[in-house]
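# Results of the structural survey
These are the residues of each chain, in order.
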Amino acid sequence: MKPSPLALLVGLSIALVVPAVQASDLAERYPAGSITDRAQAQAAQRAADDEVKRIKAEEQKALAACREKFLVNACSEDVRNKAELQRRAARRVEVEAKDAIRRFDAEEAAERKAKAAQKQAEQDAQRERQEAEARAKHEARQAEGKKAAPGPTPAEAQANRAA
């Protein structure tokens, strides 16, 4: 038994209103600027992906229902327009979540870079201290060597060898 056009119209209306309510639910859960940490951004991104999949499935069901109507093109256009509005809302949440994740990644990279620069500066300072200590020890040994064992000058050494 084929469903009556009125039953199809009521079913289609309900099918189109429920996704709109769910899409607005996503927008209500994640209003603009509400994503403040990485976990929330990842949850919003997953929710937006799920929402897009759900919208696509609902759109396919509604388009299938439209094929049984007399005014197929008008019905299909309405379904596509409503689905596009829902996708835009989900896309806004997805874009905001991805932006937040990129921002968190950039902040973490900047922190790592700052720590690496600080560590490098500490290593450079330690290396300079070690070089200064080594230089001081070397100079002390040279000074001791000149005081402790004054050897013959090169001219005296040559005269000793000749003699």
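Residues numbered from 1 in each chain as written. Predicted model: local features only at pLDDT ≥ 70, side-chain atom pairs only at ≥ 80, totals over all residues. Heavy atoms only, no water.

### Comments concerning the overall build of the chain
Rule in force here: To qualify as a helix, a DSSP run of H or I must reach at least 4 residues; to qualify as a strand, a run of E must reach at least 2; elements of each kind are numbered from the N terminus. Note on definitions: a residue-residue contact is assigned when non-hydrogen atoms from the two residues lie within 4.5 Å. Surface accessibility in these figures is a Shrake-Rupley result with a 1.4 Å probe; residues are shielded only by whichever protein chains are displayed.
Scanning the chain from N- to C-terminus turns up 4 helices and 0 strands. In the chain, the succession of helices and strands from N to C terminus is α-α-α-α. Here the contacts in the chain between residues at least 6 apart in sequence split such that 74% fall between residues at least 24 apart. Accessible area for the chain stands at about 12,000 Å²; split by element, carbon and sulfur atoms hold 56% of it.

### Some thoughts on the confidence of the model for the chain
The condition is simple: For every residue, the predictor assigns a confidence score, pLDDT, that lies between 0 and 100.
In this model, the chain carries a mean pLDDT of 84, and residues with pLDDT of at least 70 account for 82%. Here helix H1 (residues 5-29) is the element of the chain with the lowest mean pLDDT, 57, and helix H2 (residues 38-66) is the one with the highest, 94. Note on residues 6-10: pLDDT is under 50 here. Beyond four places in sequence and across chains, it has 3 contacts. Predicted confidence is poor over residues 14-21, with pLDDT under 50, and the contacts of this stretch with residues over four places away or in other chains come to 11 contacts.

### Here we look at the side chain of Glu94
With respect to the secondary-structure elements, Glu94 resides in helix H3 (residues 72-148). With residues up to four places along the chain from it excluded, the contact list for Glu94 reads Ala48 and Asp49.

### Focus: the nonpolar core
What counts is decided by this rule: Nonpolar cores are built from buried Ala, Val, Leu, Ile, Met, Phe, Trp, Tyr and Cys residues. Side-chain atoms within 4.5 Å join them into one set. To sort residues, take the accessible area from a 1.4 Å probe on protein chains only and compare it with the maximum for the residue type: under 20% means buried, over 50% means exposed, and anything in between is partly exposed.
Counting residues in hydrophobic clusters, the biggest one holds 13 residues, and the most contacted among them are Leu26, Tyr30, Ile35, Ala41, Ala44, Val93 and Ala100. Looking at this core, the elements that each hand over two or more residues are H2 and H3. Here this core gets 6 residues from one element, more than from any other, and that element is H3. Residues in contact with Tyr30, not counting those within four places in the same chain, are Ile35, Gln40, Ala43, Ala44, Ala47, Arg92 and Val93. Core analysis: the next-biggest nonpolar cluster, separate from the first, contains 5 residues, Ala62, Leu63, Cys66 and Val79 among them.

### As for the packing of aromatic side chains
Note on aromatic pairs: each is described by the distance of the centres and the angle between the planes. Heads up, the condition is: For this analysis, a ring pair means two rings from Phe, Tyr or Trp (six-membered ring only for Trp) whose centres lie within 6.5 Å, classed as stacked if their planes differ by under 30 degrees, edge-to-face if by over 60, and tilted for the remaining angles. Note on criteria: charge over ring means Lys NZ or Arg CZ within 6 Å of the ring centre, with the direction from the centre no more than 35 degrees off the ring normal.
Under the definition given, this model contains 0 aromatic pairs. Residue placement shows Arg103 over the ring face of Phe104; its charged tip is 5.0 Å from the ring centre.

### Considering the pattern of salt bridges
Selection criterion: The term salt bridge refers to a side-chain nitrogen of Lys or Arg lying within 4 Å of a carboxyl oxygen of Asp or Glu.
Under the counting rule described, the total for this entry stands at 12 salt bridges. For Glu96, the salt bridge goes to Arg92, with nearest N and O atoms at 3.0 Å. Here Glu96 and its partner Arg92 are both found in helix H3, 4 residues apart, which amounts to about one turn of the helix. Arg92 gets classed as partly exposed once you look at its relative accessible area, which sits at 30%. When the shortest N-O distance is used, the salt bridge between Asp124 and Arg127 registers 3.0 Å. Of this pair, Asp124 and Arg127 both sit in helix H3, 3 residues apart, which is roughly one turn of the helix. Salt bridges sharing partners connect three or more residues here, namely Glu59, Glu84, Arg87 and Arg88.

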